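Close look at the chain arrangement
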Amino acid sequence: MDTDPITTSYTSTVTFSLLMLVAVLIAAYYYIETSRAVRLIKKLPTGPPSVPILGHSLIPLTWPPELMVEKVIEFYEKYGGTGGAYFGTKTVAFITDPQDIEIILSSSVHIDKAKEYEYFKPWLGDGLLITKGDKWRRHRKVIASTFHMNILKTFVPLFYENSIDLVNRLRDKVGKKFDCHDYLSAVTVDILTETAMGVKKEKRQKTGYEYAMAVMKYTLFLSYNYTLSDIIHRRQYNVLLRYDMLYKYSKFAKLQEKLLNIVHTLTEHVIKEKAKDFEEKLVKDQQVKEVQNVKPMEKSNPTKNMEHAKNKAANYMHYVRDDLDDIDENDIGEKKRLAFLEMMFELKKNGQMTDEEIWEEVNTIMFEGHDTTAAGSSFALCILGNHPDIQARVHEELDTIFGDSDRQCTFQDTLKMKYLERVIMETLRLFPPVPLIARHLNEDVKIVTGDYILPKSTTVLIVQFITHRLEKYYPNPTVFNPDNFLPEIMQQRHYYAYIPFSAGPRSCVGRKYAVLKLKVLLSTILRNYRIISDTPDKDFHLRGDIILKRHDGFNIKIEPRKPASRKEE
Ligand code: HEM
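Residues numbered from 1 in each chain as written. Predicted model: local features only at pLDDT ≥ 70, side-chain atom pairs only at ≥ 80, totals over all residues.

The line we're drawing: UniProt positions are given in the numbering used here, feature names are shortened, and annotations may be inferred rather than shown by experiment.
The name an unreviewed UniProt entry assigns to the protein is Cytochrome P450 4g15-like isoform X1, from the organism Temnothorax curvispinosus. Under the UniProt heading Cofactor (unreviewed entry), the entry covering the protein gives this text: "heme".

Spelled out as structure tokens, the structure:
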């Protein structure tokens, strides 16, 4: 029987294509599975079996974001704290032991961020969190200097004023259950705008509430909130969203555009307001110079100069003067230190910073400075709410410092908040707002806890959420115990066993700002309220979209309180 020539040609085309596909798959299989990096990663203790070529890439697809933290804990309990995975030629290693972590974080070679941080680019540009090389070094140096303690001290009255505003806003929540994270997020954005950005309250566009909601809460469907962090996080672990070519057709791409529009509208408004302020300041400075030129004698009069500087400082700081200004007086004569955005404009004036770089750094500081401390303070309130004994000790400490006065909090007061500081540190141990850090390895790394090599170009995930819960370093690791941070206990612990702010050359530039702000904010709330929460911290449903949060909401109740000495009134 004769065969139809069309059918014959079709059959041979299909057969040829199938053979080609099989050949490509076999070649890819050998290329991936025999590559040095994959072979070294496979030597690490690994989790569930991988599939050829795709490696472990299918595993996270089955983990919804709200179960991610539970899955990571489950994974750790089943397979241990060191491990590896691969997705095609991309290799990933996980480490949790402080000795291994030290090798990476203390190094000045492995300071580049993993490729997965690139998904932040539409939001933060090539700002400090992401950038590398010379740009990172230059920007790090100037930005770190703007978070110097001498500047932070001048922020305390602003931290306090905003905290008192929050206390007043919370009055209608007394006795009701509510999610405190919404409130703490909004106040955190307002504080950042007024301190690091130096934009006064009356010049702010609405409140930080809208910005905060875009970053952390946006209801697309009635039942579900998608946030910028959530979308970026999905892109980091979901292979289907990794590639721009596919991503741009997803529902997330449109939503991201909408959310970025809200976020950038606020940050661009902040930059515009500060630019106007800066221009006005330049004009005033010019006028002062001209007057000084007319009266040259005054220029060399140190007392007058001091007086002038004092008045100038009082004008710039639109809040009341307190004892901090006296401490800061010692700074006059030193090179003048500037707050973050003021410094950015000063550098621009000297041709050392472009408009685009200012935009990137403002967006970076707004994100890093906001979501992290909002989560930290919300966890602290929830925890205090279900540990009345620990909360009573905090109240006792605050009553000792403030007595029955409702005066504002000063920098000196914050130095006396030793127990509250331990509560904050313990909160950041059990619930680190940044639960893991990812670095790109620029060289092979030999770890110390096993005979393993992490190959060059691997993404190494430092999972501090797990490190902070290692029994070896924290007896009863899941129990909230502020005494884990007694000085004598801390001294005996491995330094890298506590890294909520990361550590080494690429650690958090805002850590002192964060702790100082948390002390003022939490102490002001706690001077005015008693917190009640009925969910024990071991039952918090955690969710880790970049920043660790409670998926079940940071629900608390508050009751007004008076210092112990005023109870009889
Ligand atoms: C409780 C609050 C905070 C926590 C837990 C925290 C934690 C961290 C961590 C873990 C990193 C390293 C991230 C990584 O390598 O992926 C980091 C970096 C950074 N943080 Fe924070 N942070 C906090 C508050 C702040 C604040 C208040 C600011 C600024 C106002 C800030 C600004 C930054 C910046 C700019 C970086 C990037 C530094 C660099 O790469 O050189 N952070 N933070």
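Right, picking up where we left off after that structure.
1. Section: the overall build of the protein
Filter applied, for reference: By definition, any uninterrupted DSSP run of H or I lasting at least four residues is a helix, any uninterrupted run of E lasting at least two residues is a strand, and each is numbered from the N terminus. Exposure in this text rests on C-beta crowding, where 20 or more other C-beta atoms within 10 Å of a residue's own make it buried, 12 or fewer make it exposed, and counts in between make it partly exposed. The C-beta atoms are placed from the backbone. This entry defines residue contacts through backbone-placed C-beta atoms, with two residues in contact when those atoms are within 7 Å.
When helices and strands are counted, the protein shows 24 helices and 13 strands. Evaluated residue by residue, the protein yields a buried proportion of 38% over its 569 residues. Intrachain contacts of the protein at a sequence separation of at least 6 include 77% that bridge at least 24 residues.

2. A word on the packing of helix H21 (residues 418-430) against helix H24 (residues 511-528)
Going by this rule: With axes taken as lines fitted to C-alpha atoms, and helix axes fitted only over the stretch in contact, angles between N-to-C directions fall between 0 and 180 degrees. In these notes the angle categories are as follows: under 35 degrees is roughly parallel, over 145 is roughly antiparallel, 65 to 115 is roughly perpendicular, and the rest is oblique. Working rule for handedness: look at the near helix, and if it is turned counterclockwise from the far one by less than a right angle, call the crossing left-handed; if clockwise, right-handed. When residues are sorted by character, Ala, Val, Leu, Ile, Met, Phe, Trp, Tyr, Cys and Pro go into the nonpolar class, Asp, Glu, Lys and Arg into the charged class, and all the rest, Gly among them, into the polar class.
Following both chains from N to C, one finds H21 and H24 inclined at 115°, their axes separated by 10 Å at the closest point. Taken together, the axis directions place H21 and H24 in an arrangement best described as roughly perpendicular. The two elements H21 and H24 cross, and the hand of that crossing is right-handed. On H24, the residues touching Leu-420, Glu-421 and Ile-424 of H21 are Val-515, Leu-518, Lys-519, Leu-522 and Ser-523. Residues that form the contact of H21 with H24 fall into these classes: 5 nonpolar, 1 polar and 2 charged.

3. Points about the sheet that holds strand E3 (residues 178-179)
To keep things clear, this is the line we draw: In short, DSSP must find at least two bridges between two strands for them to pair.
Pairing in this open sheet of 3 strands is antiparallel, and the strands run E3-E13-E10 from one edge to the other. Of all strands in the sheet, those with a lone pairing partner are E3 and strand E10 (529-532), marking the two edges.

4. Looking at the UniProt feature "binding site: heme" (unreviewed entry) in the protein
UniProt tags Cys-508 as "binding site: heme" (unreviewed entry). Structurally, the position occupied by Cys-508 is in the loop between helix H23 (487-492) and H24. You can call Cys-508 partly exposed: it has 19 C-beta atoms within 10 Å. If we skip the residues at most four places from it in the chain, Cys-508 touches Phe-501 and Ser-502.

5. Observations concerning the pairing of strand E6 (residues 437-440)
Judged by which residues are buried, E6 turns out to be one-sided: Ile-437 and Arg-439 face inward and are buried, whereas Ala-438 and His-440, on the alternate face, are not. Sheet analysis places E6 next to strand E9 (residues 459-462), joined by 4 bridges and oriented antiparallel. Each residue of the ladder has a partner; that of His-440, found in E9, is Thr-459.

6. Things to note about the site of the ligand
Rule in force here: For each residue, a C-beta atom is placed from the backbone, and the residue is labelled near a molecule or strand when this atom is within 6 Å of it.
Residues in contact with the ligand amount to 24 residues; listed here are only the nearest, Glu-368, Gly-369, Thr-372, Cys-508 and Gly-510. At the level of elements, helix H18 (355-386) and H24 are the ones that each hand at least two residues to the shell around the ligand. Examining the composition of the shell around the ligand, we find that 7 residues originate from one element, H18, more than from any other.

7. Re the environment of Leu-441
Tracing the backbone through its elements, the reader meets Leu-441 in the loop between E6 and strand E7 (445-446). Classification of Leu-441 as buried rests on a count of 22 C-beta atoms within 10 Å. Once the C-alpha coordinates of Leu-441 and Val-460 are considered, the two residues, 19 residues apart in sequence, prove to be 7.0 Å apart. Excluding residues within four positions of it along the chain, Leu-441 makes contact with His-110, Leu-454, Lys-456, Ser-457, Thr-458 and Val-460.

8. Let's talk about the pairing of strand E2 (residues 90-95)
For E2, the tally of buried residues reaches 6 of 6 residues, placing the bulk of the element in the interior. Residue alternation in E2 divides its side chains into two sets, Lys-90, Val-92 and Phe-94 and Thr-91, Ala-93 and Ile-95, and both sets are buried. As judged from the 5 bridges shared by strand E1 (residues 83-87) and E2, these two strands associate in the antiparallel manner. Considered in E2, the bridge of Phe-87 is made with Lys-90. Counting the residues in the hairpin turn of E1 and E2 gives 2 residues, including Gly-88, whose phi is positive at 65°. In terms of strand pairing, E2 meets E9 through 4 bridges, oriented parallel. In the strand pairing of E9, Val-92 is matched with Thr-459.

9. Quick look at helix H19 (residues 388-402)
Rules: Any helix carries an expected span of 1.5 Å times its number of residues minus one. Throughout, the arc means the angular range of directions from the helix axis out to the C-beta atoms.
The end-to-end C-alpha distance of H19, which contains 15 residues, comes to 20 Å, matching closely the 21 Å that a straight helix rising 1.5 Å per residue would cover. Residues Gln-391, Val-394 and Leu-398 constitute the buried set of H19. Mapping the buried residues of H19 onto a view down its axis gives an arc of 60°, with all of them on the same face. Exposed residues pointing more than 90 degrees away from the buried face of H19 are listed as Asp-389 and Thr-400. Buried residues along H19 sit against H18, H21, H24 and E10.

10. Brief notes about the sheet that holds E6
The strand order across the open sheet formed by 4 strands is E1-E2-E9-E6, and the pairing between neighbours is mixed. A strand with exactly one partner marks an edge of an open sheet, and here the two such strands are E1 and E6. When strand polarity is set aside, the average angle formed by the axes of neighbouring strands in this sheet is 25°.

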